[in-house]
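Coordinate analysis (summary)
What follows is each chain in one-letter form.
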Amino acid sequence: MLYLAKFAGVAILIWFYLTAKEKKQPTLQWAIIGFIGFWLTWWLVKLSVLHPLGDMFAKNPTSLFLVTQIPALAGIIVCFFIRKKLIANAAKESAPHNDQ
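To keep things clear, this report deals only with the structure shown in the data block. Please read all numbers here as calculations on a predicted model, not as lab measurements.

As for the overall build of the chain
- A tally of regular secondary structure across the chain gives four helices and zero strands.
- Starting at the N terminus, the α and β elements of the chain follow one another as α-α-α-α.
- Its C-alpha radius of gyration of 17 Å places the chain more than 25% over the 13 Å reference for a compact globule of 100 residues.
- Expressed as lengths along the three principal axes of its C-alpha atoms, the size of the chain is roughly 65 × 25 × 15 Å.

Structure representation (structure tokens):
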């Protein structure tokens, strides 16, 4: 049931690592930030959204499978914004400063 979450967790590690490498930023730090961001979001959505919805769809296995993927999708969406913020911060750091 957690195949999407496991795959997404590994993919986000790689995605953040490669982005950091491309932007000449600390690769391990970015990978850990992405990993923690994904799994923290996954866990919070699982506890707050999935349990009530899971009870509603318990009789239909297909719907239950689709609903159990919601935390992974939420984690991916949050990581997209985390990555965007890290890239913006990296651009600010590398921009030349106008000290006059």
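Observations regarding helix H1 (residues 3-22)
- Taking 1.5 Å of rise per residue, 20 residues should cover 28 Å, and H1 covers 28 Å from first to last C-alpha, within 8% of that figure.
- What H1 keeps buried is the set Ala 5, Ala 8, Gly 9, Ile 12, Phe 16, Thr 19 and Ala 20. One side of H1 carries all its buried residues, which in axial view fall inside an arc of 110°. Opposite its buried face, H1 presents the exposed residues Tyr 3, Lys 6, Phe 7, Lys 21 and Glu 22, each directed more than 90 degrees away.

Concerning the pattern of salt bridges
- If you walk through the whole model with that rule in mind, you get one salt bridge.
- With its nearest N and O atoms 3.9 Å apart, the salt bridge here joins Glu 22 to Lys 23.
- With a relative accessible area of 58%, Glu 22 lands in the exposed category.
- Take Lys 23: its relative accessible area is 35%, and that puts it in the partly exposed class.

Considering the nonpolar core
- In terms of nonpolar packing, the biggest core is built from twelve residues, these being Ala 5, Ala 8, Ile 12, Phe 16, Ala 20, Trp 30, Phe 38, Trp 42, Ala 72, Cys 79, Leu 86 and Ala 90.
- When residues of this core are assigned to their parent elements, the largest contribution, five residues, is made by H1.
- Excluding its chain neighbours within four sequence positions, the residues that come into contact with Phe 16 are Trp 30, Ala 31, Gly 34, Cys 79, Ile 82, Arg 83 and Leu 86.

Some details on helix H4 (residues 70-94)
- The end-to-end C-alpha separation of H4 is 36 Å, in line with the 36 Å expected for 25 residues at 1.5 Å each.
- Every buried residue of H4 is listed here: Pro 71, Ala 72, Ala 74, Gly 75, Cys 79, Arg 83, Leu 86 and Ala 90.
- Looking at the buried side of H4, the elements it contacts are H1, helix H2 (27-56) and helix H3 (61-67).

Details of the side chain of Thr 41
- Relative to the assigned elements, Thr 41 resides in helix H2.
- Not counting chain neighbours up to four residues away, the residues in contact with Thr 41 comprise Ala 74, Gly 75 and Val 78.

What about the packing of aromatic side chains?
- What the rule picks out here adds up to five aromatic pairs.
- Ring centres of Trp 39 and Trp 42 lie 5.3 Å apart, and the angle between their planes is 70°; this geometry places the pair in the edge-to-face category. Here Trp 39 pairs with Trp 42, and both are found in helix H2, just three residues apart, close to one helical turn.
- The class of Trp 39 is partly exposed, set by a relative accessible area of 24%.
- For Trp 42, a relative accessible area of 12% gives the class buried.
- Cluster of aromatic residues (ring-pair linked, three or more members): Phe 35, Phe 38, Trp 39 and Trp 42.

Parameters at a glance
- Residues numbered from 1 in each chain as written.
- Predicted model: local features only at pLDDT ≥ 70, side-chain atom pairs only at ≥ 80, totals over all residues.
- Heavy atoms only, no water.
- Helix = DSSP H or I, 4+ residues; strand = E, 2+ residues; numbered from the N terminus.
- Rg over C-alpha atoms; globule rule 2.2 N^0.38 Å.
- Expected span 1.5 Å × (residues − 1).
- Buried < 20%, exposed > 50% of the residue type's maximum accessible area, 1.4 Å probe, protein only.
- Arc of directions from axis to C-beta.
- Salt bridge = Lys/Arg side-chain N within 4 Å of Asp/Glu carboxyl O.
- Core = buried A, V, L, I, M, F, W, Y, C linked by side-chain atoms within 4.5 Å.
- Contact = heavy atoms within 4.5 Å.
- Phe/Tyr/Trp six-rings, centres within 6.5 Å; stacked < 30°, edge-to-face > 60°.

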